[in-house]
Amino acid sequence: MVHMGAMDNAFFPRLDSIDEELADIWPVPAPVNLELAIILPTFNERGNLAPLVERIDRAIGTAAVWEVIIVDDDSRDGTANEARALAQKDARVRVIQRIGRRGLSSAVIEGFCATAAPYVAVMDADHQHDPALLPGMLAALKSGEAEICVASRFAEGASTAEWAAPEREKLSTYANALARKMTGVELTDPMSGYFMLPADAARALVPRLSAIGFKILLDLLATNDRAMKVKEFPLNFAARREGESKLDRAILFDFLAGLYDKTFGKVIPTRFALFGTVGAAGVVVHFLVLTSLLFVMDHAFTFAQSIAVLVAMSFNFWLNNWLTYRDKRLTGAGELLRGWLGFIATCAIGGFANVAIATFLEGQGVFWVLAALAGIVVGSVWNYALSSRFVWGRF
Ligand code: GDD
Ligand code: MN
């Protein structure tokens, strides 16, 4: 019963008396001293979750108080619901379901920010990363032996024998040499997706990360002002337990985009640079179509030019969707059709602005090449800003 004092009325009983009442039936749990959050970014990993949580439990046991944070990008296979089912049985499992967003790096960052644990680990949810390394990593961080622990596929004692992807292994070798230059750290596997560091250190770097693509570890190391003290743990990189890799295609592309972002990205943003490159490729396509219609098929110029514009715009839409916005790629007939129409509408307005500005400047006596360039720059910025917002839904 809620005690009613002289000052209370029936609708607003004294709050502290409610607190007392509640404490009897629903006591505040004792502090847990949570130590480690294991962040599992997931995309279609439903069947892998339960056995992985079990393996983590077996690996850490009672050596530390831990939680698992599953950050799922609304996988169609119901990974998020599976995570919730696990969380009903085991309060150490938590879930973040992101709707309308994609990306490994941004998912990991979300996990960093969602925990109270002083240490955070990141690993694949597909069983390629052995949880047995977790206690050793945690110990190395706590003792101050390392500022960040990295499981390496290429350190001495590691193996990738089970990994059936030779071309990716080769790629890693080149990428590693480049990465060493960027981070100033001797690392055998800077692209590793399995690492651990203090949570506050991770969060402190977040505002300056590029968060594009998948190489979050590299991003963290390169963003830190000085070289971090790293300890590597040899990893027996296993085969995926079930499902398929999401990173096979365009992995090199992601890497190069990240490299650009860290070097010239502040001058010309990565996405805009990509958008511009795609646009330049569109000009090539335009002239290929135009010349073949004019000279091979003998069509009238207006007709040839119109078709060339349409083909070049469609080509640009496709390439931007595939490359520039690969993390927000539109799929399925309906989405693609809407995106294509939106892109063409955007470009039509951009094209109009382009011609208007160039004509105006030329009329003011500006050298025609400069006038044309000014039109192109204004038109491209317009197209970029609008299509980014309205076609691929970025703000
Ligand atoms: N939330 C979210 N969003 N998770 C994602 C996304 C995404 O867009 N893309 C992939 N994941 C999840 C996967 O479900 C998996 O748990 C983990 O991120 C790694 O993806 P995989 O598809 O297993 O990548 P991989 O095994 O081919 O790549 C490995 O090597 C890379 C370097 O070569 C991983 O260890 C990567 O982390 C590593 O960077
Ligand atoms: Mn994997």
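Cut-offs used in this document
- Think of each chain on its own: its residues are numbered from 1, step by step along the sequence as written.
- Chains and ligands are labelled sequentially in the order written, the chains with letters from A and the ligands with numbers from 1.
- The model is predicted, so local features are restricted to residues of pLDDT at least 70 and side-chain atom pairs to those at 80 or more, both for listing and for counting; the totals for chains, interfaces and linings are taken over all residues.
- To get the side-chain values, take all heavy atoms of the structure and skip hydrogens and water.
- Definitions used throughout: a 1 Å grid over protein atoms alone; a cavity as a set of points that fits a 1.4 Å probe which cannot get out; a pocket as an open set with protein on both sides within 12 Å along at least five of seven lines; a lining residue as one with an atom within 4 Å of a point.
- Grid points are joined across faces, edges and corners, and a volume is the space filled by probe spheres set on the points.
- Here a strand is any run of E in DSSP of at least two residues, a helix any run of H or I of at least four, and the numbering for each starts at the N terminus.
- We call Asp, Glu, Lys and Arg charged. Ala, Val, Leu, Ile, Met, Phe, Trp, Tyr, Cys and Pro are nonpolar, and the rest, Gly among them, are polar.
- Each metal's donors comprise the N, O and S atoms found within 2.8 Å of it (within 3.2 Å for Na, K or Ca). Water is not part of the atom list, so some coordination spheres may appear incomplete.
- Burial classes follow relative accessibility: with a 1.4 Å probe on protein chains only, a residue under 20% of its type's maximum area counts as buried, one over 50% as exposed, and anything between as partly exposed.
- A patch is a set of surface residues, each over 30% in relative accessible area and not in a salt bridge, joined within 9 Å for like charges and within 5 Å for the nonpolar side chains Val, Leu, Ile, Met, Phe, Trp and Tyr.
- To be clear on the numbers: accessible area is Shrake-Rupley with a 1.4 Å probe, and residue cover counts the displayed protein chains and nothing else.
- By definition, a salt bridge exists where a carboxyl oxygen of Asp or Glu is found within 4 Å of a side-chain nitrogen of Lys or Arg.
- The criterion for a residue being near a molecule or strand is simple. One of its heavy atoms has to lie within 4 Å of it.
- Residues adjacent in sequence count toward polar contacts only when both atoms are side-chain atoms; beyond that, a polar contact is any pair of N or O atoms within 3.5 Å, and within protein one must be able to donate a hydrogen and the other to accept it.
- By definition here, a helix of n residues has an expected span of 1.5 Å times n minus one.
- For this analysis, residues touch if any pair of their heavy atoms sits within 4.5 Å.
- Should DSSP find at least two bridges between two strands, the strands are taken to pair.
- Fitting a line to C-alpha atoms yields each axis, with helices limited to the stretch in contact; the angle taken between N-to-C directions then spans 0 to 180 degrees.
- To form a nonpolar core, buried Ala, Val, Leu, Ile, Met, Phe, Trp, Tyr and Cys residues must be joined to one another through side-chain atoms within 4.5 Å.

Engineer: If you had to explain empty space enclosed by the protein to someone new, which residues and values would you point to?
Structural biologist: Evaluated as defined, the whole model comprises one cavity of 30 Å³ or more. Estimates place the volume of the largest cavity at around 50 Å³. Lining the largest cavity are Met-182, Ser-210, Lys-215, Leu-218, Asp-219, Phe-255, Gly-258, Leu-259 and Lys-262. Put simply, the parts of the chain that give the lining of the largest cavity at least two residues each are α8 (216-223) and α9 (251-263). The element that contributes the greatest number of residues to the lining of the largest cavity is α9, accounting for four residues. Partitioning the lining of the largest cavity into residue classes produces four nonpolar, two polar and three charged.

Engineer: So, the layout of surface pockets: which residues are in play, and what are the values?
Structural biologist: Over the atoms rolls a probe the size of a water molecule, and in doing so it shows where empty space is left. If you add up the space inside the second largest pocket, you get close to 1,000 Å³. Looking at the lining of the second largest pocket, the elements with two or more residues in it are α10 (270-296), α11 (301-324), α12 (333-363) and α13 (368-390). Among the residues making up the lining of the second largest pocket, the classes are represented as 15 nonpolar, 13 polar and no charged.

Engineer: Account for the coordination of the manganese ion (ligand 2), with residues named and values stated.
Structural biologist: In this structure, Asp-124 (OD), Asp-126 (OD) and Gln-128 (OE1) serve as the protein donors to the manganese ion (ligand 2), at separations of 2.0 to 2.2 Å. The exposure class of Asp-124 is partly exposed, given its relative accessible area of 23%.

Engineer: I'd love a proper account of a nonpolar patch on the surface, names of residues and values included.
Structural biologist: The grouping of Phe-367, Trp-368, Leu-370, Leu-373 and Ile-376 at the surface amounts to a nonpolar patch, some 560 Å² of accessible area in total. The residue Trp-368 is located in helix α13 in this model. Judged by relative accessible area, which is 56%, Trp-368 ranks as exposed.

Engineer: Tell me about the site of ligand 1, residues and numbers included.
Structural biologist: Around ligand 1 there are 25 residues in total, and Glu-45, Arg-102, Gln-128, Ser-245 and Lys-246 lie nearest to it. Between Phe-43 and ligand 1, the recorded distance is 2.9 Å, taken from a backbone N or O atom to an oxygen atom. In the model, an oxygen atom of ligand 1 is placed 2.5 Å from a nitrogen or oxygen of the Glu-45 side chain. In the complex, 97% of the free accessible area of ligand 1, which totals 740 Å², lies under the protein chains. Elements supplying a minimum of two residues to the shell around ligand 1: β1 (36-42) and α4 (104-113). A class-by-class count of the residues in the shell around ligand 1 yields ten nonpolar, six polar and nine charged.

Engineer: Residues and numbers for the side chain of Arg-271, please.
Structural biologist: Within the secondary structure, Arg-271 sits in helix α10. Relative accessible area serves as the criterion here: at 10%, Arg-271 is assigned to the buried category. Within the structure, Arg-271 has its side chain in polar contact with the backbone oxygen of Thr-324 (distance 2.7 Å).

Engineer: Go over helix α2 (residues 46-60) with me, naming the residues and quoting the values.
Structural biologist: The terminal C-alpha atoms of α2, which comprises 15 residues, lie 22 Å apart, in line with the 21 Å expected from a rise of 1.5 Å per residue. The complete set of buried residues in α2 reads Asn-48, Leu-49, Leu-52, Val-53, Ile-56 and Ile-60. For α2, the secondary structure elements touched by its buried residues are β1, β2 (66-72), α3 (79-89), β3 (93-97) and α5 (134-142). Gly-61 lies just past α2 and shows a positive phi near 60 degrees.

Engineer: Could you give an account of the sheet that holds strand β7 (residues 230-234), naming the residues involved and the relevant values?
Structural biologist: Ordered in space as β3-β2-β1-β4-β6-β5-β7, the seven strands form an open sheet in which the pairing is mixed. Each end of this open sheet is capped by a strand with a single partner; those strands are β3 and β7. Mean inter-strand twist for the sheet, computed between neighbouring axes without regard to direction, equals 20 degrees. Note that strand β4 (residues 119-122) and strand β6 (residues 195-198) share four bridges and pair antiparallel. Note on β6: the bridge partner recorded for Ala-121 is Met-196. Across the sheet, α4 is in contact with β1, β2, β3, β4 and β6; its angle to β1 comes to roughly 150 degrees.

Engineer: Before we move on, could you go through the environment of Leu-288 and cite the residues and values that matter?
Structural biologist: Summarising the element assignment, Leu-288 is placed in helix α10. In the structure, Leu-288 is positioned 24 residues away from Ala-312 in sequence and 9.6 Å away in space, judged by C-alpha atoms.

Engineer: Go over the nonpolar core with me, naming the residues and quoting the values.
Structural biologist: One finds Ile-38 and Leu-134 to be the most contacted residues of the largest nonpolar core, which totals 33 residues. Contributing elements (two or more residues each) for this core: β1, α2, β2, α3, β4, α5 and β5 (148-152). Apart from the residues within four sequence positions on either side, Ile-38 is in contact with Ile-56, Ile-60, Trp-66, Glu-67, Val-68, Ile-69, Ala-121, Met-123 and Leu-134. Ala-107, Val-150, Leu-187 and Ala-199 belong to the second-largest nonpolar core, a separate cluster that totals 29 residues.

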